[in-house]
Amino acid sequence: MSHTPPSRTVEILSDARYVQAESPRWDGRDGSLAWIDMATGSLHRGRIEQGRVIPETAVVVGAQIGAPIPLAQPGAGWLVGVDRRVVHVDDDAVVTPLTDDIAAAGDYMNDGGGDPAGRFWVGSQSMPRDPHCTLWSIGAEGIPVARLGGVTVSNGLAFDRTGSTLYYIDTLPHRSIEAFDVAADGALSNRRTVCRVDGGNPDGMTIDLDGMLWVAVWDAAEVRRYSPDGALLETISLPAKRPTAVALVGTLLVITTASIGLAEPGEADGALLGVQVDVGGTPAWPWGGEAPIVRGAVPTAEAAL
């Protein structure tokens, strides 16, 4: 049975309000935090100090931005799914394509994340909604491999610590968390449903050190914790109607939210939120490849913080 422990206090961490903040990432290289604003195509980075998010940089990467993943080496930048491809963003705001367009025309990259083997998993979503999108993995060599087709809105994903199980959310039409077995080469098999997520749309997801799944539920004003066999363990009510994604920074559960589509956004809508939980997580798995080098590249515009 789900419950909300009385000790849980949800705090607003950010001064800024975003249109559609998504994909928070704890960077294990320096302890910083990254997130995106889908509506402005921008990758944001900052740090958490004394219970507040202190923004530091923001780079406009493209029109339709998806998930970021850190590279393994300090100072080596990030990979980001954007528009129909994956790009590299270095610490000087230089944006370099890593892949050609891999999403179909009219589709664009959405959520993703790393696995313990150093691959970047990222999927696309369709507008209008139709199940023809794809989940890819990109290994250290930078070559995208289609892993799952028939996707509509590729969203949250999380790997267990061994990398042998992938938990995955294709938000529509089933509104479910699914699981796959993952072979050493990244091949997926044994697709199964963990549970259906009712009362809203399951969006971003992370996994804690106990192997439990935290899921942001869009339009439900909730984050929920599920066991790998689908039991609902905890529900945290939020002051924002549209939570989009979650990350565990130690035992601080960081929650991105959106104000898009709300006629009268409240104080917390579009903010980054935080709540202390009992079981923490680890930094985002990094991508294991090398940053592309392009001579003569110039920085893109830096966004207002």
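This text follows the structure it describes.
Residues numbered from 1 in each chain as written. Predicted model: local features only at pLDDT ≥ 70, side-chain atom pairs only at ≥ 80, totals over all residues. Heavy atoms only, no water.

Visitor: Break down the overall build of the protein chain for me, citing the residues and quoting the values.
Guide: When helices and strands are tallied, the protein chain shows zero helices and 24 strands. What you see for the protein chain is a C-alpha radius of gyration of 18 Å, in line with the 19 Å of a compact globule of 305 residues. Dimensions along the principal axes, computed over C-alpha positions, put the protein chain at roughly 55 × 45 × 35 Å. Relative to its full complement of 305 residues, the protein chain shows a buried share of 57%. Of the roughly 12100 Å² that the protein chain leaves accessible, carbon and sulfur atoms contribute 51%. Distance between charge centroids for the protein chain: 2 Å, based on 22 positive and 38 negative side chains. (Helix = DSSP H or I, 4+ residues; strand = E, 2+ residues; numbered from the N terminus. Rg over C-alpha atoms; globule rule 2.2 N^0.38 Å. Buried < 20%, exposed > 50% of the residue type's maximum accessible area, 1.4 Å probe, protein only. Areas by Shrake-Rupley, 256 points an atom, 1.4 Å probe, with all protein chains shown as cover. Lys, Arg positive; Asp, Glu negative; His and termini not counted. Charge placed at Lys NZ, Arg CZ, Asp CG, Glu CD.)

Visitor: Residue-level account of the packing of aromatic side chains, with values.
Guide: Scanning all chains against the criterion turns up three aromatic pairs. Seen in terms of ring centroids, Trp 121 and Phe 159 are 5.3 Å apart; in terms of plane orientation they differ by 55°. Their pairing is tilted. Here Trp 121 is found in strand β11 (residues 120–125), whereas its partner Phe 159 is found in strand β14 (residues 154–159), with 38 residues between them in sequence. On the basis of relative accessibility, which here comes to 0%, the residue Trp 121 falls in the buried class. Using a relative accessible area of 3% as the deciding quantity, one classes Phe 159 as buried. The ring of Trp 78 carries Arg 29 above its face, with NZ or CZ at 5.4 Å from the centroid. (Phe/Tyr/Trp six-rings, centres within 6.5 Å; stacked < 30°, edge-to-face > 60°. Lys NZ or Arg CZ within 6 Å of the ring centre and 35° of its normal.)

Visitor: If you had to explain the sheet that holds strand β5 (residues 52–60) to someone new, which residues and values would you point to?
Guide: In space, the four strands of this open sheet follow the order β2-β3-β4-β5, with antiparallel pairing throughout. Taken across any chain shown, the strands that pair with only one partner, and hence form the sheet edges, are β2 (21–26) and β5. Pairs of neighbouring strands in the sheet enclose a mean axial angle of 25°, with direction left out of account. Strand direction decides the pairing type here: β2 and strand β3 (residues 33–37), joined by four bridges, are antiparallel. (Pairing = 2+ DSSP bridges. Axes fitted to C-alpha atoms, helices over the stretch in contact; angles between N-to-C directions.)

Visitor: Tell me about the pattern of salt bridges, residues and numbers included.
Guide: Where charged atoms of side chains with opposite charge meet at close range, the side chains can pair. Taken as a whole, this structure holds 19 salt bridges when the rule is applied. The salt bridge partner of Asp 101 is Arg 85, with a shortest N-O separation of 3.1 Å. Taken together, the positions of Asp 101 in the loop between β9 (95–97) and β10 (108–114) and Arg 85 in strand β8 (residues 85–89) put the pair 16 residues apart, joining distant regions of the chain. For Arg 85, a relative accessible area of 24% puts it in the partly exposed group. Between Arg 196 and Asp 198 there is a salt bridge, with its nearest N and O atoms 2.9 Å apart. For Asp 198, a relative accessible area of 45% corresponds to the partly exposed category. (Salt bridge = Lys/Arg side-chain N within 4 Å of Asp/Glu carboxyl O.)

Visitor: Tell me what's going on with the sheet that holds strand β16 (residues 176–182), and back it up with residues and numbers.
Guide: Spatially, the four strands line up as an open sheet ordered β14-β15-β16-β17, and their pairing is antiparallel. The sheet is open, and its two borders are formed by β14 and β17 (188–196), each paired with just one other strand. Each strand of the sheet is rotated relative to its neighbour by a mean of 25°, with strand direction disregarded. Across four bridges, strand β15 (residues 165–170) lies against β16 in antiparallel orientation. Residue pairing across strands places Tyr 168 opposite Glu 178, the latter belonging to β16.

Visitor: I'd like a rundown of unusual backbone geometry, residues and numbers included.
Guide: The bulk of non-glycine residues show a negative phi, and the bulk of peptide bonds are trans. In this structure, the amide linkage connecting Leu 172 to the following residue, Pro 173, adopts the cis form with an omega of 5°. In this model, Ser 23 sits at a positive phi of 50°, which is unusual for a non-glycine residue. Structurally, the position occupied by Ser 23 is in strand β2. Judged by its relative accessible area of 2%, Ser 23 is buried. At Arg 175, a residue that is not glycine, the phi angle is positive and equals roughly 50°. Checked against the element boundaries, Arg 175 lands in the loop between β15 and β16. On the basis of relative accessibility, which here comes to 28%, the residue Arg 175 falls in the partly exposed class.

Visitor: I'd like a description of the pairing of β5, backed by residues and values.
Guide: Two elements, strand β4 (residues 42–49) and β5, share eight bridges in a ladder whose sense is antiparallel. Bridge pairing in β5 links Ile 48 to Val 53. Count of turn residues in the β4/β5 antiparallel hairpin: two residues, of which Gln 50 carries a positive phi of about 50°.

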